[in-house]
Amino acid sequence: PMAKNKKVSPALKQTILLFNKPFQVLSQFTDEKGRATLSDFITDSQVYPAGRLDYDSEGLLVLTSDNILKQKITQPNLGFSKTYFVQVEGSPKEEQLEPLKEGILLKDGMTLPAKYRLNRNGWSPPNLWERNPPIRFRKTIPTTWLEITISEGRNRQVRRMMAEVGFPVLRLIRFRVGSWTLDGIDPGKSLAVQPQPKLHFF
């Protein structure tokens, strides 16, 4: 079972915020093109994002004032694996997704092995919110939800991996980083938490 998020005590000096990033919000505080940024939602000037979440992706973004923690979250194999809910075009079969477990060759090299769970029978992630705007549905092409866990954080990695196995991503929601999850955090909201008592290893 996923660890529940624990609220932070006021005396804690290290600041860690869990933010549920909405669709089409940049993972930074400023943008010269006038797009939505973190500053539209977060007023704490002491925290910075640990890693990134694409403009067109949603879900958990960890922000912290601790540079060491920031570096740990962004480094592979340090216990901060990440789980995504991924909606893809089509109906993948188990054997079509097997390459994910071995690693996928991308332009920037081979990925580390990923874990996945293929969810059938119309399953969708629990407590899922409506995306604004919604994805484009096509009557002739079904969609399928997967859970994918990776231990890296390359640019658009999950989208590129799924494209390589032939199933383009329609919607991508990061649910977990380490042992922190989106539990109880609405889109556009953040929650202050304590440092992880133990790392969630891949």
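Quick caveat: nothing in here was measured; it's all calculated off a predicted structure.

Right, let's get into the overall build of the protein. Secondary structure summary: the protein contains 4 helices and 11 strands in total. Sorting the 202 residues of the protein into buried and exposed places 46% on the buried side. Of the contacts formed within the protein by residues at least 6 apart in sequence, a portion of 73% connects residues at least 24 apart. Of the roughly 11300 Å² that the protein leaves accessible, carbon and sulfur atoms contribute 51%.

Residue P133 is reached from N132 by a cis peptide bond, and omega for that bond is 0°. Relative to the assigned elements, P133 resides in the loop between β7 (115-118) and β8 (143-150). Residues other than glycine seldom take positive phi values, yet Q24 does so here, at roughly 60°. Inspection of the secondary structure puts Q24 in the loop between β1 (16-21) and β2 (48-49).

Let's shift gears to the pairing of β1. Taken across its 6 residues, β1 has 6 buried, putting it largely inside the fold. Burial along β1 is two-sided: the face carrying I16, L18 and N20 and the face carrying L17, F19 and K21 are both buried. Note that β1 and strand β3 (residues 58-64) share 6 bridges and pair antiparallel. When the sheet's bridge partners are listed, F19 is paired in β3 with L61.

Moving on, we get to the pairing of β7. Here β7 shows a buried face lined by Y116 and L118 and an unburied face lined by K115 and R117. For β7 and β8, the ladder comprises 4 bridges, and the chain directions are antiparallel. Bridging from a neighbouring strand, K115 pairs with T149 of β8.

Rules of the game
- Residues numbered from 1 in each chain as written.
- Predicted model: local features only at pLDDT ≥ 70, side-chain atom pairs only at ≥ 80, totals over all residues.
- Heavy atoms only, no water.
- Helix = DSSP H or I, 4+ residues; strand = E, 2+ residues; numbered from the N terminus.
- Buried < 20%, exposed > 50% of the residue type's maximum accessible area, 1.4 Å probe, protein only.
- Contact = heavy atoms within 4.5 Å.
- Areas by Shrake-Rupley, 256 points an atom, 1.4 Å probe, with all protein chains shown as cover.
- Pairing = 2+ DSSP bridges.

Don't take any of this as a statement about function, it's just geometry.
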